[in-house]
Amino acid sequence: MRRSAGEWALFAPILAFVTLFALLPVAFLFATSLSGAGGWGGLGALLADPLNRQAVGNSLLQGGLSAGLAVALGYPAGVFVGRYLWPGRSVVRSVLLVPFLLPSLVVVLGVEDLFGTAGLLSGRIPEASFFGSGVPGIVLVNLVFNLPLVVLLTATGCEVASRDLEETVATLGGSPARAYRDTWGRPTWVGAAAGGFLTFLFSALSFAPPILLCGARCYTVEARIWSLDTVLLDPSGAGVLALAMVVLFVAPSLAYLLLARRLRPSGGRRESGARPLPRRSLGVGLLAAETVVVLGGVALVLGAVLYRTVAPYGHQGAGAAWGTLFAPSTAARLGIGIPGALANTLLFAVAAAGIAVLLVVPAAFSALRGARAGTGLGLLLFAPLLVSPVVLAFALATFWRPLLGGESAVWALVIVSQAMLALPFALQTLTIPLSGLSPEARESAQTLGAPRFAAFLDADLPRARQGLLTAGLLAFALGLGEFTATFFLVTPRYTTLPVALYGLVNSRQLPLADAAAGLLLLLSLAVFLGLSFGGRRVEL
Amino acid sequence: MSSSEPTLSVGGLSAAWDGAPVLRSVSFDVGSGELVVLLGPNGSGKTTLLRCLAGLEPITAGRVRLEGRDLARVPPHRRGIALMFQEPALFSHRTVFENIAYAPLLQRRRRAEVDDEVSRLVDLLRLGGLEDRDPETLSGGERQKVALARTLAARPRVVLLDEPFASIDVEGKAELRAEFRHALRASGTSAVHVTHDREEGFFLGDRVGLLFDGALETWGPPADVFATPRTPRAARFLGYNVLPGPAGPVAVLPSELAADPSPAAPRPWTVVAAGTVGREGLVILRGPANERVEWRVPEPFEPPSMGTPVALTWVRSRPLRP
């Protein structure tokens, strides 16, 4: 299908946005850092630095361990969620998104609440403190954060499998094991592998867990970049390490993208081959038990945070931390009151969601008109995730802050970074339901005289309003929970709730941190309720 | 199996979804090499019946026997009954050849035997030259032929066909029907075909059944089933008009109606539409109880005006059970 110049122009806003606020600043950062570090020779010297090598090793170890365990534990649960119908299945499927919408700080806090010093579990079983710090603690946080993603993507794999093909194989004489191997097993492997690569990326690039649960010896590359820039005041070194990191993680990022595209249903419709639970099946019983254990474990960690917000803590009564959280002493400690931080959080998230929605609507129209353009756009939008939130924020600060002038630009850069990080997921969430719409209404509008884009706005977009609303809510939720880029950019005046939470955890004000995390958790749950209402569906 | 034993015997088969009955005591037999067709409107239980025969859905009562063997506890992959869906459900990552060879390889037949089998079926279904193509590059009709070849390559005792021509255009459908019948005859496989298309059913079936609301209402040779509708709904499904006769409702074909020439005859029918279809006229009328009647008039035909009252008589009628 040939595109008109007008249709190409619809790509322009999103291309300009990504170019101006991601590609250009990152390229500038890499160029200036390489120049400052003495060129490519400087890159070699930097990689020879034992601490940098240790950070690369930590990233690979933590990412690999987390991904392996997430796939091993999440795959059976994903099959159970995606393949069988059982009471509460759709609610569980929606709840799986909650950890993804939270900052990893909340999960860190949950792990500390359970397994840290005087934790709810480690207080009773001292051996459980093994999971409260160091690499085991970090991997546990990564698992709680990412395991639901593996479950979701594996379940999505089940849903794109053709039930007709599976049943055809059965009636042709293929055993259930053979039908699994030849038909529905394949997409589940694709889903689990996509989840594994995503887990690897999120874990290898994790920021708060290694800083808070272990310290410098466990720093990932991401944490090391932050340390080089803000602690050791070596921005050139940080920039060059960021470049090395992009090179290191480009392969798993592309692998995730390619696998995730294979999970996209043809024509936007999923087969949804879920079937009733078979009676008396040992295998399915084991799948159910594993699902309960795995998802129960995730719920336990998040539940520990909520429990701590209301439970008595030390000599203080139940819920005392809530009062202290809003007290002037906390505002003095953080440089901003919690209401102010909450207002910043909501403001930034709303603005980022608005930008994301405005950009993805014309982009979704253009992506619908050509699969290649859609793939190219997906790759382009994934670039900011590939370079990681810290590097994106670092690049934005390096390139744009001098041009925009100091602190006055901070709020704008925070909004831009949050919108940028939400774009690929928002586009995916809007494009899939749009591609499932029959073209007749749009074509009727065109034959009645509407130009193509007007016909899209009049005929398609209203029918995909649930997808549009979901994309907006998802972008808002991701903004609510965004910590890493925001932390890198904000000054105290523009501190958000996740950044305030980090300050409280870092200063070991755990009761206050629990209360702040509980507030974030409740906000995320409210957004989750909005997302799950009416069967809205987020596409990862 | 004794010589009189049918290949497939279905007795008193019932099934339900969430407690609501979908099939009600369905019974019929399929002989060796016989092609039977079950006709019924959408929602009559045709697909559920096939899925029950294939073992893909549980049954609540009755039995299914294959060559005398009760299939109650036999899983789908051990039944020897292959189901072909409305959509061909081909392996998109395998070529046409590999799709057809799937079941023979599953059965661990020798490679040379598999090649011979695939070649035979490729010739039988006129798929020559397509062996190395991906299924996505084929037309709808070609994909259905590949699906049938894949099914026959499994050498099932019975093939179940679930409206395989539903998404094929009219011209392709006629040719495909003939090719399917030829291939099934040549392979000697018994088959149960379900469809809502009565022309297709009467063209293909050695015996035909009418399925309504999950119950098999009529069963027999196609000519008999067509000639003797038993109930008003069967008559309407087969294209008859249902008219009030002196001793109850009767079935009358549209071509068996005529205008009553008697000037004294009452005129209870009103013309609501009229036009020419090919070389004959077609008049749609409504009766006093809003019943619809179709009247086919041979040439020369002068379409009556809408709203014209008409007196009808008929040259032949068949009594129906009320």
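What counts, and where the lines are drawn
In this numbering scheme, every chain counts its residues from 1 along its sequence in written order. Whichever chain is written first becomes A and whichever ligand is written first becomes 1, with later ones labelled in order. Only residues with pLDDT of at least 70 are given local features in this predicted model, and only at 80 or more are side-chain atom pairs given and counted; all residues enter the totals for whole chains, interfaces and linings. Water and hydrogen atoms play no part in the side-chain values, which are based on all heavy atoms of the structure. A helix here means a DSSP run of H or I that spans at least four residues, while a strand means a run of E at least two residues long, and both kinds are numbered starting from the N terminus. As defined in this context, the radius of gyration uses C-alpha atoms, and a globule is described by 2.2 Å times the residue total to the power 0.38. Burial here depends on accessible area, computed with a 1.4 Å probe over protein chains only, as a share of the maximum for the residue type. Under 20% is buried, over 50% is exposed, and the range in between is partly exposed. Throughout, a residue-residue contact means that at least one pair of heavy atoms, one from each residue, lies within 4.5 Å. Any N or O atom pair separated by 3.5 Å or less is treated as a polar contact, with the protein-specific requirement of one donor-capable and one acceptor-capable atom, and with residues adjacent in sequence counted only for side-chain atom pairs. When two parts are brought into contact, each loses some accessible area as probed by a 1.4 Å sphere; the total of that loss over both is the buried area. One side-chain nitrogen of Lys or Arg within 4 Å of one carboxyl oxygen of Asp or Glu is enough to make a salt bridge. Here the rule is simple: two strands pair whenever DSSP picks up at least two bridges between them. Excluding any residue in a salt bridge, patches collect residues exceeding 30% relative accessible area, merging like charges within 9 Å and nonpolar Val, Leu, Ile, Met, Phe, Trp and Tyr side chains within 5 Å. Computed by Shrake-Rupley with a 1.4 Å probe, the accessible areas treat only the displayed protein chains as cover when residues are assessed. In this document the domain limits rely on a domain assignment from an automatic tool or a database. The convention used is that axes are lines fitted to C-alpha atoms, helices contributing only their stretch in contact, and that angles between N-to-C directions extend from 0 to 180 degrees.

Considerations on the overall build of chain A
Moving on, step 1. Within chain A, the regular secondary structure consists of 25 helices and two strands.
Moving on, step 2. Here the C-alpha radius of gyration of chain A, 23 Å, is about what a compact globule of 540 residues would show, namely 24 Å.
Moving on, step 3. Dimensions along the principal axes, computed over C-alpha positions, put chain A at roughly 65 × 60 × 50 Å.
Moving on, step 4. Each of the 540 residues in chain A was classed as buried or not, and the buried ones make up 59%.
Moving on, step 5. The long-range share in chain A, meaning contacts at least 24 apart out of those at least 6 apart in sequence, stands at 81%.

Notes on helix α8 (residues 163–171) of chain A
Residues and elements named next belong to chain A.
Moving on, step 1. Most of α8 is tucked away, with seven of its nine residues classed as buried.
Moving on, step 2. Here α8 has its buried residues at L165, E166, E167, T168, V169, A170 and T171.
Moving on, step 3. Regarding α8, its N-cap is S162, as a side-chain oxygen of that residue lies 3.4 Å from the backbone nitrogen of D164 further along.
Moving on, step 4. Looking at the residues trailing α8, positive phi occurs at G173, about 110°.

Some details on the interface of chain A and chain B
Moving on, step 1. Listed per partner, the contact involves 17 residues of chain A and 21 residues of chain B.
Moving on, step 2. Here chain A packs against chain B, burying approximately 1600 Å² in sum over the two surfaces, 62% of which is carbon and sulfur.
Moving on, step 3. Sorting the residues of chain A by area buried against chain B places E167, T171 and L172 of chain A first, and these three jointly supply 39% of that buried surface.
Moving on, step 4. Where chain A packs against chain B, one counts two salt bridges.
Moving on, step 5. A salt bridge links R94 of chain B to D182 of chain A; its shortest N-O distance comes to 3.6 Å.
Moving on, step 6. Applying the counting rule to chain A against chain B returns four residue pairs in polar contact (both at pLDDT 80 or more).
Moving on, step 7. Among the secondary structure elements, those contributing two or more residues to the side of chain A that touches chain B are α8 and α9 (176–204) of chain A.
Moving on, step 8. Ranked by the residues each element gives to the side of chain A that touches chain B, the list is headed by α8 of chain A, at eight residues.

Overview of the sheet that holds strand β11 (residues 241–245) of chain B
Moving on, step 1. Strand order in the open sheet made by the three strands is β11-β12-β19 (chain B), with antiparallel pairing throughout. At either margin of the open sheet sits one strand with a lone partner, and together these are β11 and β19 (318–319) of chain B.

Points about a nonpolar patch on the surface
Residues and elements named next belong to chain A.
Moving on, step 1. A cluster of nonpolar residues, L61, L65, L69 and L73, forms a patch on the protein surface that exposes about 300 Å² of accessible area.
Moving on, step 2. Of note, L69 is situated in helix α3 (residues 50–83).
Moving on, step 3. Owing to a relative accessible area of 36%, L69 belongs among the partly exposed residues under this scheme.

What about the pattern of salt bridges?
All names here are of chain B.
Moving on, step 1. Within this structure, the stated rule accounts for 35 salt bridges over all chains.
Moving on, step 2. Across the pair R233 and D213 runs a salt bridge whose closest N-O atoms are separated by 3.0 Å. With R233 in helix α9 (residues 232–237) and D213 in the loop between β9 (207–212) and β10 (215–220), the pair connects residues that are 20 residues apart, well separated along the chain.
Moving on, step 3. Residue class for D213 comes out partly exposed when judged on its relative accessible area of 48%.
Moving on, step 4. What you see here is one network of salt bridges that share partners, running through R109, E113, E117, R120 and R155.

Considering the domain arrangement of chain B
Residue and element names in this part refer to chain B.
Moving on, step 1. Each domain of chain B was delimited in the assignment, giving domain 1 (8–227) and domain 2 (232–319).
Moving on, step 2. One C-alpha centre belongs to domain 1, the other to domain 2; they are set 38 Å apart.
Moving on, step 3. Listed per partner, the contact involves 13 residues of domain 1 and eight residues of domain 2.
Moving on, step 4. Together domain 1 and domain 2 conceal approximately 930 Å² of surface at their shared face, both sides included; 62% is due to carbon and sulfur atoms.
Moving on, step 5. Considering only the surface of domain 1 that becomes buried against domain 2, R198, F212 and F226 emerge as the three largest contributors, covering 51% of it.
Moving on, step 6. The interface formed by domain 1 and domain 2 includes two salt bridges.
Moving on, step 7. Measuring nitrogen to oxygen at the nearest pair gives 3.1 Å for the salt bridge that ties R233 to E217.
Moving on, step 8. On inspection of domain 1 and its partner domain 2, the count reaches six residue pairs in polar contact (both at pLDDT 80 or more).
Moving on, step 9. Mapped by element, the contributors of at least two residues to the side of domain 1 that touches domain 2 are α7 (198–204), β9 and α8 (222–227).
Moving on, step 10. Counting residues per element, the side of domain 1 that touches domain 2 draws most heavily on α8, which supplies three residues.

Some details on the sheet that holds β9 of chain B
All names here are of chain B.
Moving on, step 1. With respect to topology, six strands assemble into an open sheet ordered β6-β7-β8-β3-β9-β10, the strand pairing being mixed. Of all the strands in the sheet, the pair left with one neighbour each is β6 (81–84) and β10. With strand direction ignored, the average angle separating the axes of adjacent strands in the sheet is 20°.
Moving on, step 2. Sheet topology places β6 next to strand β7 (residues 158–162); four bridges connect them, and they run parallel. Within β7, the position partnered with A82 by the bridge is V159.
Moving on, step 3. Helix α1 (residues 46–54) rests against β3 (35–39), β6, β7, β8 (190–195) and β9 of the sheet, and its axis sits at about 155° to β7.
Moving on, step 4. Helix α5 (residues 140–153) rests against β6 and β7 of the sheet, and its axis sits at about 170° to β6.

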